[in-house]
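# Structure at a glance
Listed below are the residues making up each chain.
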Amino acid sequence: MTVITTAMWLMLPVLETVGVAAAPWATDRYEMFGVTVPPAAFSDIRLAGLRRNYSLTVGGFGGILALVDFGV
């Protein structure tokens, strides 16, 4: 394998984790996890907590995967 190919394979879990963890923040304001949320419910603190917890969980697992991938 060339150096560029090896670097690409090592960075793939990191790039995938960033994309998946950012998904709830990149979608439309009135859509959350594939469900349409009414404007009145969007300001609910529990929904913001769900997005935050999802991103932290995915980011944590992705970080562990990246450490395993890099052989740390």
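Figured I'd write up the structure that's included with this text.

When helices and strands are counted, the protein chain shows four helices and two strands. Against the 2.2 N^0.38 benchmark of 11 Å for 72 residues, the protein chain shows a C-alpha radius of gyration of 16 Å, more extended than a compact globule. Reported as C-alpha extents along the three principal axes, the dimensions of the protein chain are approximately 55 × 20 × 10 Å. When each of the 72 residues of the protein chain is scored for burial, the buried share is 19%. Surface exposure of the protein chain reaches about 5,400 Å², of which carbon and sulfur atoms provide 73%. Charge-centre separation for the protein chain: the mean point of 4 positive side chains lies 13 Å from the mean point of 5 negative side chains.

Taken as a whole and assessed by the stated rule, the structure comprises one salt bridge. Among the salt bridges present, the one from D44 reaches R46, with a minimum N-O distance of 3.1 Å.

Time to look at helix α1 (residues 3-21). With 19 residues, α1 should cover 27 Å at 1.5 Å per step; its first-to-last C-alpha distance of 28 Å lies within 8% of that length. At M11, α1 shows its largest bend, some 40°, and a proline, P13, comes one to four positions later. Buried within α1 we find P13, T17 and A21. As for α1, its buried residues are in contact with α2 (23-26) and α4 (45-70).

Thresholds, definitions, all that
Residues numbered from 1 in each chain as written. Predicted model: local features only at pLDDT ≥ 70, side-chain atom pairs only at ≥ 80, totals over all residues. Heavy atoms only, no water. Helix = DSSP H or I, 4+ residues; strand = E, 2+ residues; numbered from the N terminus. Rg over C-alpha atoms; globule rule 2.2 N^0.38 Å. Buried < 20%, exposed > 50% of the residue type's maximum accessible area, 1.4 Å probe, protein only. Areas by Shrake-Rupley, 256 points an atom, 1.4 Å probe, with all protein chains shown as cover. Lys, Arg positive; Asp, Glu negative; His and termini not counted. Charge placed at Lys NZ, Arg CZ, Asp CG, Glu CD. Salt bridge = Lys/Arg side-chain N within 4 Å of Asp/Glu carboxyl O. Expected span 1.5 Å × (residues − 1). Bend = angle between axes of the 7 residues up to and from the residue. Contact = heavy atoms within 4.5 Å.

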